[in-house]
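# Reading the structure
Here is what each chain is made of, one letter per residue.
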Amino acid sequence: MKAKIVALDKLIRIGDGCRAQGKKIVSAGGCFDILHAGHIAYLEEAAVLGDLLVIFLNSDHSVHRLKGMERPVVPQAERAAVLAGVGCVDYICLFDEQSPCECIRKVKPDIFVKGSEYQGRPIPETEVLHSYGGRVEFINMVNGCSTTNIIQKIREGYRE
């Protein structure tokens, strides 16, 4: 499983090799904190869009900036290890920025997936993808499945 967790420079070489073989690269970005059924459904749907599924995983520092200092609940090494255990995921690459735009610019996936809740809203990845011919695909999310909801349920349980 650890072989799936790679540095950006290695992922660039892997992507170049896949493209040379005519394979389609699909990528997704996210925190994937407290992996749940909604994440799995999302990743499985993303995987069927191409030949290789790459996850750009927000580092702990990136998650702090996006979600606050209480997050992530699960540290980056553990989040990466759990994702590596998901059969449809081929590679995981950590990034520190707020968005995976720089990773996308360098790896050049054919498709970048986002949850359908982002449809119709501007997303930073679009410009980078369009610069080389990539595109965004939106995937429906599983209603009620979110890390935020899980955390809320835990907090409410402790108060009762």
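Now for a look at the structure at hand. Within each chain, residues carry numbers counting from 1 in the order of the written sequence. Only residues with pLDDT of at least 70 are given local features in this predicted model, and only at 80 or more are side-chain atom pairs given and counted; all residues enter the totals for whole chains, interfaces and linings. Side-chain calculation: all heavy atoms of the structure are included, whereas hydrogens and water are not.

## Remarks on the pairing of strand β5 (residues 135-139)
The criterion, for reference: Should DSSP find at least two bridges between two strands, the strands are taken to pair. Numbering of helices and strands runs from the N terminus, with a helix taken as a DSSP run of H or I at least four residues long and a strand as a DSSP run of E at least two residues long. The path from the first strand over the helix to the second decides the hand: if it runs clockwise while the strands point away from the viewer, the crossover is right-handed.
Here strand β4 (residues 111-115) runs beside β5; their pairing, made up of five bridges, is parallel. Among the inter-strand pairings, I111 is bridged to a residue of β5, identified as R135. One crossover worth recording links β4 to the parallel β5 by way of helix α6 (residues 125-132), and it is right-handed.

## Here's the deal with α6
Applied cut-off: Note on classification: 1.4 Å probe, protein chains only; a residue is buried when its accessible area is under 20% of the maximum for its type, exposed when over 50%, partly exposed between these limits. The arc under discussion is defined with respect to the helix axis, by the directions toward the C-beta atoms. Residue contacts are counted whenever heavy atoms from the two residues lie within 4.5 Å of one another.
Inspection of α6 places E125, V128 and L129 among the buried residues, and these make up the whole buried set. Along the long axis of α6, the arc covered by the buried residues comes to 95°, so they all point the same way. Exposed side of α6, more than 90 degrees from the buried face: E127, H130 and S131 are the residues found there. Buried residues belonging to α6 abut α5 (101-107), β4 and β5.

## Some points on the pairing of β4
With five of five residues buried, β4 lies mostly within the body of the structure. Side-chain alternation along β4 places I111, V113 and G115 on one buried face and F112 and K114 on a second face that is also buried. Of the strand pairs in this sheet, strand β1 (residues 25-30) and β4 are connected by three bridges, and their pairing is parallel. By the bridge assignment for β4, S27 is matched with F112.

## So, the sheet that holds β1
Threshold: Note on method: axes are straight lines fitted to C-alpha atoms, helices fitted across the in-contact stretch only, with angles between N-to-C directions ranging 0 to 180 degrees.
The five strands are arranged β3-β2-β1-β4-β5 in an open sheet whose pairing can be described as parallel. Of all strands in the sheet, those with a lone pairing partner are β3 (91-95) and β5, marking the two edges. For this sheet, the mean inter-axis angle between neighbouring strands, taken without regard to orientation, is 30°.

## Let's talk about the side chain of S59
Looking at where S59 falls in the secondary structure, it is placed in the loop between β2 (52-58) and α3 (60-67). Ignoring any residue separated from it by four or fewer positions in sequence, one finds S59 in contact with Q76, R79, L94, F95 and D96.

## A closer look at the pattern of salt bridges
Going by this rule: Here, a salt bridge means any Lys or Arg side-chain nitrogen found within 4 Å of an Asp or Glu carboxyl oxygen.
Going through the model one piece at a time under the given rule, you end up with seven salt bridges. Two residues, R79 and D60, come together in a salt bridge whose shortest N-O distance is 2.8 Å. Here R79 is found in helix α4 (residues 76-84), whereas its partner D60 is found in helix α3, with 19 residues between them in sequence. The closest approach of N and O atoms between E102 and R105, which form a salt bridge, is 3.2 Å. Taken as a pair, E102 and R105 lie in helix α5 at a separation of three residues, close to a single helical turn. The exposure class of E102 is partly exposed, given its relative accessible area of 33%. Each member of the salt-bridge network shares a partner with another, and the members are E102, R105 and K106.

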